[in-house]
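# Residue-level structural notes
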Amino acid sequence: MKNKGFIKLYRNVLTKPEMTDLVAEQGAAGLGVYIMVLLYLSQCDDFEGAFTNGQLSAFAAQARKPRSYVRQIICGYRLFEIHGKRFKVATKSPLNLNEISTKSPHSPARINRYAGEDIEIDKEKENKEKGGKVSDVIGPSAYETIDRAGLRHGHQGEPVPWWAPPQTDIRCVWSLCADCWTTPDSIDPKAERQQRQQMTEQDFMMKTAWETLSEDEQQNIQDHGRRI
């Protein structure tokens, strides 16, 4: 059976300093996000997952929390180790997935369906293009369009995932490979087509966001585009 296995959770896990801090500051919600991230890592090859905007957005949608909240859980409590575009459970954390067999040797890890899993995002470049802090708000801006089928497109007609932040620069296009808004001259059309073939229509369907997000998060899907 695919992805068959178990994760051991020790009875004294909540007494560990890292978990004490997490629960004290974030409560049950923070603990739930931590477990959700563990389940994701348990299905990744070598128990290492993608630390990208696309994956953080996927976590945020699943947890019904802002992306910054998920980032804080991963980065703020010494529970995970981040190495560039990848992350894993910290060696000295209360739970080490490397000690646990959660996958059958005949069953490959589940591939995350969200775009940009294996793509490194240059944070300095992305922040410059977006004019500052990366926004936790998702959804189309006035520069974008939603076609009759409910699929999201950038100003130049390129497909845009539902979890992407609003387009704020009419000169930029969405890169499926880099999982960010970027300049047209940095796009590799062949690579973009290949990435598109690996994604599903639901990845670009705004209806997916409304089915996935909470009512409060749905209200944040609005026009935040800045006209230049």
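On to the packing of aromatic side chains, then. This structure, assessed with the given rule, holds seven aromatic pairs. Judged by centre distance (5.1 Å) and plane angle (85°), the rings of tyrosine 40 and phenylalanine 59 are edge-to-face. With tyrosine 40 in helix H1 (residues 17-42) and phenylalanine 59 in helix H2 (residues 53-63), the pair connects residues that are 19 residues apart, well separated along the chain. A relative accessible area of 2% means that phenylalanine 59 is categorised as buried. Cation over ring: lysine 65 sits above tyrosine 69, and NZ or CZ is 5.0 Å from the ring centre.

Okay, the pairing of strand E2 (residues 80-83) next. Two strands pair when backbone bridges link them, and E2 and strand E3 (residues 86-89) are joined in this way by four bridges, in the antiparallel orientation. Residue glutamate 81 lies in a different strand from E3, and its bridge partner there is lysine 88. In textbook terms, the turn of a hairpin is the stretch between consecutive antiparallel strands, and for E2 and E3 this stretch comprises two residues, one of which, glycine 84, has a positive phi near 65°.

Applying the stated criterion across every chain, the model contains four salt bridges. Residue aspartate 21 pairs with arginine 78 through a salt bridge whose shortest N-O separation is 3.5 Å. Here aspartate 21, found in helix H1, pairs with arginine 78, found in the loop between helix H3 (67-75) and E2; they are 57 residues apart in sequence, far enough to count as distant. For aspartate 21, a relative accessible area of 30% gives the class partly exposed.

As a further point, take the confidence of the model for the protein chain. Confidence in the prediction for the protein chain averages 75 pLDDT; 70% of positions are at 70 or higher. When mean pLDDT is taken per element in the protein chain, strand E5 (residues 152-153) scores highest with 94 and helix H4 (residues 123-130) scores lowest with 39. Scored below 50 in pLDDT, residues 99-135 shows 91 contacts in the model against residues more than four places distant or in partner chains. For residues 222-228, every residue scores under 50 in pLDDT, and the model assigns this stretch 21 contacts once sequence neighbours within four places are set aside.

A few words now on the packing of H1 against H3. In contact at an axis separation of 10 Å, H1 and H3 are set at 90° when each is read in the N-to-C sense. The angle between H1 and H3 places the two elements in the roughly perpendicular class. Along the contact surface, H1 presents Leu22, Gln26, Ala29, Gly30, Val33, Tyr34 and Val37, while H3 presents Tyr69, Val70, Gln72, Ile73 and Ile74. For the contact of H1 with H3, the class distribution of residues is nine nonpolar, three polar and no charged.

What follows deals with the nonpolar core. Of all hydrophobic cores here, the largest spans 25 residues; its most connected members are Tyr34, Val37, Phe59, Ile74, Phe80 and Phe87. Residue assignment for this core shows that the elements contributing at least two residues are H1, H2, H3 and E3. Of all the elements, H1 adds the most residues to this core, at nine residues. Residues contacting valine 37, with those up to four places away along its chain left out, are Phe59, Ile74, Phe80 and Phe87. Residues Ala61, Val160, Trp181 and Met205 belong to the second largest nonpolar core, which totals 16 residues.

The next point concerns unusual backbone geometry. Residues apart from glycine generally show negative phi values, whereas peptide bonds are mostly found in trans. Non-glycine residue aspartate 46 carries a positive phi angle of around 60°. Residue placement: aspartate 46 occurs in the loop between H1 and strand E1 (49-50). Phi at aspartate 179 is positive, roughly 60°, even though this residue is not glycine. Among the structural elements, aspartate 179 can be located in the loop between strand E6 (173-175) and strand E7 (180-182). Residue aspartate 179 is classed as buried on the basis of its relative accessible area of 2%.

The rules behind these values
Sequence positions are assigned chain by chain, starting from 1 and proceeding in written order. At least 70 in pLDDT is required for a residue's local features to be given in this predicted model, at least 80 for side-chain atom pairs to be given and counted, and no such filter applies to totals for whole chains, interfaces and linings, which use all residues. Hydrogens and water are ignored here; the side-chain numbers use all heavy atoms of the structure. Here a pair means two rings of Phe, Tyr or Trp (six-membered ring of Trp) with centres within 6.5 Å. Their orientation is stacked below 30 degrees between planes, edge-to-face above 60, and tilted elsewhere. By definition, any uninterrupted DSSP run of H or I lasting at least four residues is a helix, any uninterrupted run of E lasting at least two residues is a strand, and each is numbered from the N terminus. Buried, partly exposed and exposed residues are distinguished by accessible area as a fraction of the type maximum, computed with a 1.4 Å probe on protein chains only: under 20%, between the cut-offs, and over 50%, respectively. Counting as a charge over the ring demands two things of the Lys NZ or Arg CZ atom: a distance within 6 Å of the ring centre and an angle within 35 degrees of the ring normal. Here, a strand pair is defined by DSSP locating no fewer than two bridges between the strands. Only one rule defines a salt bridge in this text: a Lys or Arg side-chain nitrogen within 4 Å of an Asp or Glu carboxyl oxygen. As a per-residue measure, pLDDT reflects the predictor's confidence and takes values from 0 up to 100. Note on contacts: a residue pair qualifies if any of its non-hydrogen atoms lie within 4.5 Å across the two residues. Interaxial angles span 0 to 180 degrees and are taken between N-to-C directions of axes, which are lines fitted to C-alpha atoms, for helices over the stretch in contact. Roughly parallel refers to an angle under 35 degrees, roughly antiparallel to one over 145, roughly perpendicular to one between 65 and 115, and oblique to any angle outside these ranges. Each residue gets one label: Ala, Val, Leu, Ile, Met, Phe, Trp, Tyr, Cys and Pro are nonpolar, Asp, Glu, Lys and Arg are charged, and the others, such as Gly, are polar. The definition of a nonpolar core used throughout is a set of buried Ala, Val, Leu, Ile, Met, Phe, Trp, Tyr and Cys residues joined through side-chain atoms within 4.5 Å.

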